[in-house]
Amino acid sequence: MLSTLRADFRIIFERDPAARNLLEVLFCYPGLQALLFYRVANWLHLVGMPFIPRLISHIARFLTGIEIHPGATIGQGVFIDHGMGVVIGETAIVGDYALIYQGVTLGGTGKESGKRHPTLGENVVVGAGAKVLGNIQVGNNVRIGAGSVVLRDVPSNCTVVGIPGRIVYRSGAKVDPLEHNNLPDSEAQVIRALVDRIEVLELQIQALQDKQSVSKSPALVAATSLEEQISHDSQWCNLRDKAIQEFLDGAGI
Ligand SMILES: CC(=O)SCCNC(=O)CCNC(=O)[C@H](O)C(C)(C)COP(=O)(O)OP(=O)(O)OC[C@H]1O[C@@H](n2cnc3c(N)ncnc32)[C@H](O)[C@@H]1OP(=O)(O)O
Ligand SMILES: N[C@@H](CO)C(=O)O
C-alpha cells in the first residue's frame, strides 16, 4: 500500500511540468486526493464493509470532482490530471502508470451487466473528455485522443482518436484510414463491366447467327422447297380439275 501511494505521488512530478513542489502536489492535485480516498474505500470494499466505501467515494467526489467507484481496480502510479468530471465505474480496471485527464469516463454502455466497464493496460493515456465505454480491452501504451469515444478493443501501442474511436497509429506506424491498398479499383471495375457487357453482346450475336443459320439449314431449305412444290402442285391440280370440269360441262357429260 505504501509503495503504491509513493508511486501515485511521484508520478505527478514525472508527468506534469506544472508540478512544482510537495506541498503544491499534496494540496492542489485533486487527482492525487481522489486516489488517496479511493485506496481507502477500495480496501474497505474488498474486506466487505457495506456503505462506508461508497460514502467515502461520494465525499471524495464532493471534494475533488472525481468519482471513482470503490469496486474499481486501479494500479499504482496512476495520475488523474486536473480531474474534474472524471468518472471511473465499478468494474473498470486501470493498469499501472495510466494518465487520465479531466472529463474522462471509464463507463458502461448501459447495455451490459456484470463486468461492464473497460480494462486499461499499463501506461495508457486517456485525453481530456474521452469516453471509454463497455467491457472492452485497451492494451498497454495506448493513447486515446481528447474527446474520443472508444467502444471497441484497442491493441497495445496504438493511438486512437475520434468518435467512434479509430486507430491512427499502430506500433509507431501511421494507419491509413482509407487503407489505400484495399481501395476499390474503379478503373478495373469499369473495364470488368465493359468486358461483361461485351460477353453478353457476343452471346446475343451468336444466338442471332445460330437462328439465321438454322433458318438456312439444308433441312429447312428442303422443307421450304417441298412446301412450295406442294403448293405449286396443288394449284396445278386445281387448274387441271377446273379444266376437266369445264370440258365435261361443255360436252354435256
Ligand atoms: C490544461 C490541459 O492541458 S488539460 C490536458 C488536455 N490534454 C489532453 O487531454 C491530451 C490528450 N492527447 C491527445 O489527444 C493527443 O493528440 C494524442 C495523445 C492523441 C496524440 O497521440 P499521438 O500518437 O502523438 O498522435 P498525433 O499527435 O501524431 O496525431 C495523430 C493523428 O490524430 C489526430 N488527432 C490527435 N489528437 C486528436 C483528437 N483528440 N481528436 C481527433 N484527432 C486527433 C492528429 O491530428 C493526427 O492526424 P493526422 O495524422 O491526420 O495529422
Ligand atoms: N498539467 C498538464 C496538462 O494541463 C500541463 O501543465 O501541461
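Summary of the structure given here. (Residues numbered from 1 in each chain as written. Chains lettered and ligands numbered in written order. Predicted model: local features only at pLDDT ≥ 70, side-chain atom pairs only at ≥ 80, totals over all residues. Heavy atoms only, no water.)

### What about the pattern of salt bridges?
Under the defined criterion, the tally for this structure stands at 4 salt bridges. One salt bridge connects Arg61 with Glu67, and the closest N-O pair in it is separated by 3.8 Å. You can call Glu67 partly exposed: its relative accessible area is 31%. (Salt bridge = Lys/Arg side-chain N within 4 Å of Asp/Glu carboxyl O. Buried < 20%, exposed > 50% of the residue type's maximum accessible area, 1.4 Å probe, protein only.)

### What about the nonpolar core?
The biggest cluster of nonpolar side chains holds 30 residues, and the ones touching the most others in it are Ile68, Ile88 and Ile100. Residues in contact with Ile100, not counting those within four places in the same chain, are Val78, Phe79, Ile80, Asp81, Val86, Ile88, Val94, Leu106 and Val126. (Core = buried A, V, L, I, M, F, W, Y, C linked by side-chain atoms within 4.5 Å. Contact = heavy atoms within 4.5 Å.)

### Some words on the pairing of strand β14 (residues 158–161)
With 2 bridges connecting them, strand β12 (residues 143–144) and β14 associate as parallel partners. Of the residues in β14, the one forming a bridge with Arg143 is Thr159. As defined by bridge partners, β14 adjoins strand β15 (residues 166–170) across 4 bridges and the pair is classed as antiparallel. Within β15, the residue paired with Val160 across the bridge is Ile167. (Pairing = 2+ DSSP bridges. Helix = DSSP H or I, 4+ residues; strand = E, 2+ residues; numbered from the N terminus.)

### Quick notes on the site of ligand 1
Neighbouring ligand 1 are 13 residues, the closest being Ala128, Arg143, Ala146, Thr159 and Lys174. For ligand 1, an oxygen atom lies 2.5 Å from a polar atom in the backbone of Ala128. Within the backbone of Ala146, an N or O atom sits 2.8 Å from an oxygen atom of ligand 1. Burial of ligand 1 by the surrounding chains reaches 50%, relative to a free accessible area of 980 Å². Those elements that provide at least two residues to the shell around ligand 1 are β14 and β15. Of the residues that constitute the shell around ligand 1, the class distribution is 6 nonpolar, 5 polar and 2 charged. (Near = heavy atom within 4 Å. Polar contact = N/O pair within 3.5 Å; in protein donor to acceptor, adjacent residues only side chain to side chain. Areas by Shrake-Rupley, 256 points an atom, 1.4 Å probe, with all protein chains shown as cover. Nonpolar A, V, L, I, M, F, W, Y, C, P; charged D, E, K, R; others polar.)

### Here's the deal with helix α1 (residues 2–15)
Relative to the 20 Å expected for 14 residues at 1.5 Å per residue, α1 spans 20 Å between its end C-alpha atoms, a close match to the ideal helical length. Among all positions of α1, only Thr4, Ala7, Asp8, Ile11 and Ile12 are buried. One side of α1 holds all its buried residues, which, seen down the axis, span an arc of 140 degrees. Here the buried face of α1 lies against α2 (22–28), α3 (30–46) and β3 (79–80). (Expected span 1.5 Å × (residues − 1). Arc of directions from axis to C-beta.)

Taken by themselves, the reported measurements are silent on function.
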